[in-house]
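# Chains, contacts and geometry: an overview
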Amino acid sequence: MIKVSSNHRFLKTDSGKPFFWLGDTAWELFHRLTLAEAEHYLVNRLHNGFNVIQAVVLAEVDGLNTPNANGDTPLIDLDPARPNEAYFRHVDAIIDLAGQRGLHIGLLPTWGDKVFRLWGAGPQIFTEENAYQYGHWIAERYANRTNIVWIIGGDRPEVLNGIDTASAVWRSMAKGIREVIGTSHLMTYHPCGGGSSSTVFHNDDWLDLNMWQSGHSRNDMPNWKLIAQDYARQPIKPVLDGEPCYEDHPIDPFSRRWTPAMGCFTDYDVRKAAYRAAFAGACGHTYGHHAVWQFFSPERTPINFPQMPWRQAIERPGAAQLKHLVSLLESRPYFDRIPDQSLIANDNGERGSHLQATRAADGSYAFVHVPQTRQSISIAAEALSGETLNACWFEPRSGTIQPLGQLAKQPKLSFISPDSGQDWVLVLDDETRGYPPPGSSYRAQQTDSG
């Protein structure tokens, strides 16, 4: 089971170890893959350090009428009160495969077009009453699976033009689930693009952590500002970006036709979004690949110009790089880390040049993500402890280190990022603390017992 840490900022395991949510969007996992294909995908994601797989039971791409890989549809006569046992046995099997490999499933009971269509295949089948019944039923089915995190919602607005469209239905579904599971499993909400679960649901008791969808419209979407908004809310709840820019997804800030005319997001874009969110205070981060979420293959109709089949796409570089972020965060004391932009004495920068900083509450270490090569950075070191600092550059693509040696702490310290690579993390440690090299395992030495 995953739990919220005692300071309500992070996630932890049952034993109190750090749990940085490193998710992957596999929205069509249950709907499009055979069990053997699902195993191939899950093994790959485990190898690349992922620990949460976000997948939808009543899937987005005509998930009610187009059968799954076994020829089964999920509901009889499109009735949420009449689930098709054969379809759900396949869902069971994939959830269990994930659990056997130590992977959690971020389980969406339905995509949003079944609640408030607006666009997509739909049809819109849920009311407050049957949403509660369906939530109660599906929670009973999976109450004993310890590897589930519940995700209500699915990329549709709860309020549109000031009018409530669906929040009562989502609350009813959440209520049905909570009545079965109590507080045993975490629950969050997947919002529409550019939105957060906090906008409508922050004060709801069923919502354990907030989720943003910073989305896919343009480069360098300032997701650090979005994370900071929810980080500052009361009561305190963990927050993460659950759908940022996908690797190889077309960039289209204007027409939203998602043609590749303006290029596609790269592994570099993916890394920047992840490090900026984490250093702004996020409890985790979700990766996505444009061909993987839809599990595109040549015999399927492509959605918004995927560049390759999913079996090739799971090998893309961004998917293998984010484990270095987790290793970096877990190589230092985890649960007292705070965002702190006051560490940056020069301009924080905007868009592509934006610098994002985080440190230990006691000042024993600091990380600053520097998105460009040969980028100047000035550090206000008063908040850092110790008289001597161990300094190095950490390379997010590879997890390798370029040592800078020991520095006498001064009110301001100046650095220029290396001229190779793309983005870097400046690491500053209080020399007296004896921390291991960044990225080394530190997990055995830290627990949250609250």
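See the structure above.
### What to know about the overall build of the chain
Within the chain, the secondary structure is distributed over twelve helices and 20 strands. On C-alpha atoms alone, the chain measures out to a radius of gyration of 22 Å, which is about the 22 Å that the 2.2 N^0.38 rule sets for 450 residues. Taken along the three principal axes of its C-alpha coordinates, the chain extends 70 × 50 × 45 Å. In the structure as shown, the chain presents an accessible area of about 16,300 Å², 49% of it carried by carbon and sulfur atoms.

### Topic: helix α8 (residues 267–279)
Residues spaced three or four apart along an α-helix face the same direction, because each turn holds 3.6 residues. Over its 13 residues, α8 extends 18 Å from the first C-alpha to the last, a length consistent with the 18 Å expected when each residue adds 1.5 Å. Within α8, 13 of the 13 residues are buried, leaving the element largely enclosed by the surrounding structure. Backbone nitrogen of Y268 and a side-chain oxygen of the N-cap are separated by 3.2 Å at the start of α8; the cap is T266. Two residues or fewer past α8, G281 is found with a positive phi of approximately 120°.

### Points about the pairing of strand β19 (residues 412–416)
Taking every second residue as pointing to the same face, the buried face of β19 carries L413 and F415, while none of K412, S414 and I416 on the other face is buried. Bridge count between strand β16 (residues 376–380) and β19: five bridges; the pairing is antiparallel. Bridge pairing in β19 links S376 to I416.

### Some points on the environment of D205
Looking at the secondary structure, you find D205 in the loop between α6 (198–201) and β10 (210–212). Under the relative-accessibility criterion, D205 is labelled exposed at 76%. Counting along the chain gives 18 residues from D205 to M187, while the straight-line C-alpha distance between them is 9.9 Å.

### Here we look at the layout of surface pockets
Within this model, the largest pocket holds a volume of roughly 660 Å³. Per-class residue counts for the lining of the largest pocket are eleven nonpolar, ten polar and seven charged. Residue lining of the second largest pocket: M1, I2, K3, V4, R178, T183, S184, H185, L186, D205 and D208, and that is the complete set. Looking at the lining of the second largest pocket, the element that brings in the most residues is strand β1 (residues 2–4), giving three residues. Residues belonging to the lining of the second largest pocket are distributed by class as follows: four nonpolar, three polar and four charged.

### As for the sheet that holds strand β17 (residues 388–394)
Pairing within the open sheet is antiparallel, and its six strands lie in the order β13-β14-β15-β20-β17-β18. The open sheet has two edge strands with one neighbour each: β13 (337–339) and β18 (401–408). Put simply, the sheet's adjacent strands are angled 20° from each other on average, direction ignored. Taken together, the six bridges between β17 and strand β20 (residues 424–430) define a ladder with antiparallel strand orientation. Opposite N390, over in β20, you have D429 as the bridge partner. Relative to the sheet, α8 contacts β13, β14 (356–360), β15 (365–370), β17 and β20, its axis offset from that of β15 by approximately 145°.

### Digging into the nonpolar core
Most often, soluble globular proteins keep nonpolar side chains buried together rather than apart. Judged by nonpolar contacts, the single largest core of 55 residues is most densely connected at L29, F30, Y41 and W150. A total of seven residues in this core trace back to one element, the largest contributor, which is helix α3 (residues 85–100). Counting 26 residues, the second largest nonpolar core, distinct from the first, contains F279, F335, F394 and Y435.

### Quick look at empty space enclosed by the protein
Applying the stated criterion across every chain, the model contains one cavity of 30 Å³ or more. Its volume calculated, the largest cavity comes out at about 110 Å³. D220, M221, C245, D269 and A273 are the residues nearest the centre of the largest cavity, which is lined by 15 residues in total. No other element matches the four residues that α8 contributes to the lining of the largest cavity.

### Concerning the pairing of strand β12 (residues 284–287)
Consecutive side chains along a regular strand alternate between the two faces of the sheet. Burial along β12 is two-sided: the residues G284 and T286 and H285 and Y287 are all buried. Bridge count between strand β3 (residues 21–25) and β12: four bridges; the pairing is parallel. Within β12, the position partnered with G23 by the bridge is T286.

### Here we look at the packing of aromatic side chains
Evaluated as defined, the whole model comprises 18 aromatic pairs. With a centroid separation of 5.7 Å and an interplanar angle of 50°, the aromatic rings of F50 and Y287 are classed as tilted. In this pair, F50 sits in the loop between α2 (35–47) and β4 (52–58) while Y287 sits in strand β12, placing the two residues 237 residues apart along the sequence. Considered together, F50 and Y287 belong to a single accessibility category, that of buried residues. Measuring from centroid to centroid gives 6.2 Å for Y365 and Y435, while their planes differ by 80°, and the two rings are edge-to-face. In this pair, Y365 is assigned in strand β15 and Y435 in the segment after β20, connecting sequence segments 70 residues apart. Accessibility expressed as a relative area gives 0% for Y365, which makes it buried. Lying over the aromatic face of Y268, K272 brings its terminal NZ or CZ to 4.1 Å of the ring centre.

### So, the pattern of salt bridges
Inspection of the entire model under this criterion finds 25 salt bridges. Notably, a salt bridge pairs K114 with D113, separated by 3.0 Å at the nearest N-O pair. Each member of the pair K114 and D113 is classed as buried. For K272, the salt bridge identified is with D269, shortest N-O distance 3.9 Å. In this pair, K272 and D269 are both assigned in helix α8, three residues apart and thus about one turn of the helix distant. Per residue, the accessibility class of K272 equals that of D269, and both read buried. Members of the salt-bridge network, linked through shared partners, are D220, D269, K272 and R276.

Calculation rules
Residue positions are given per chain, counted from 1 along the sequence in the order it is written. Local features are withheld for residues below a pLDDT of 70 in this predicted model, meaning they are given only at 70 or higher, and side-chain atom pairs are given and counted only at 80 or more; totals for whole chains, interfaces and linings count all residues. The side-chain values count all of the structure's non-hydrogen atoms but skip hydrogen atoms and water molecules. Here a helix means four or more residues in a row that DSSP labels H or I, a strand means two or more in a row labelled E, and each is numbered from the N terminus. Our radius of gyration looks at C-alpha atoms and nothing else; its globule reference is 2.2 Å times the residue count to the power 0.38. Accessible surface is estimated by sampling points in the Shrake-Rupley manner with a 1.4 Å probe; for residues, cover comes only from the protein chains shown. Expected helix span is given by 1.5 Å per residue-to-residue step, counting one fewer step than there are residues. Think of it in three bands: with a 1.4 Å probe and only protein chains considered, a residue is buried below 20% of the maximum accessible area for its type, exposed above 50%, and partly exposed in between. Polar contacts, as used here, are pairs of N or O atoms within 3.5 Å; protein pairs need one atom able to donate a hydrogen and one able to accept it. Residues neighboring in sequence count only if both atoms are side-chain atoms. Only strands joined by at least two bridges in the DSSP assignment are considered to pair. Put simply, the grid is 1 Å and covers the protein atoms alone, a cavity is a trapped set of points that fit a 1.4 Å probe, a pocket is an open set with protein on both sides within 12 Å along at least five of seven lines, and lining residues have an atom within 4 Å of a point. Grid points are joined across faces, edges and corners, and a volume is the space filled by probe spheres set on the points. Following the grouping adopted for this structure description, the nonpolar residues are Ala, Val, Leu, Ile, Met, Phe, Trp, Tyr, Cys and Pro, the charged ones are Asp, Glu, Lys and Arg, and the polar ones are all others, Gly among them. Helix axes are fitted to C-alpha atoms over the stretch in contact, other axes to C-alpha atoms as well, and angles between N-to-C directions run from 0 to 180 degrees. Any two residues having at least one pair of non-hydrogen atoms within 4.5 Å are treated as being in contact. Take the buried Ala, Val, Leu, Ile, Met, Phe, Trp, Tyr and Cys residues and link them wherever side-chain atoms come within 4.5 Å; each set so joined is a nonpolar core. Only Phe, Tyr and Trp rings are paired, with Trp represented by its six-membered ring, and only when their centres lie within 6.5 Å; those with planes under 30 degrees apart are stacked, over 60 edge-to-face, the remainder tilted. To sit over a ring, a charge needs its Lys NZ or Arg CZ within 6 Å of the ring centre and within 35 degrees of the ring normal. Put simply, a salt bridge is a Lys or Arg side-chain nitrogen that is within 4 Å of an Asp or Glu carboxyl oxygen.

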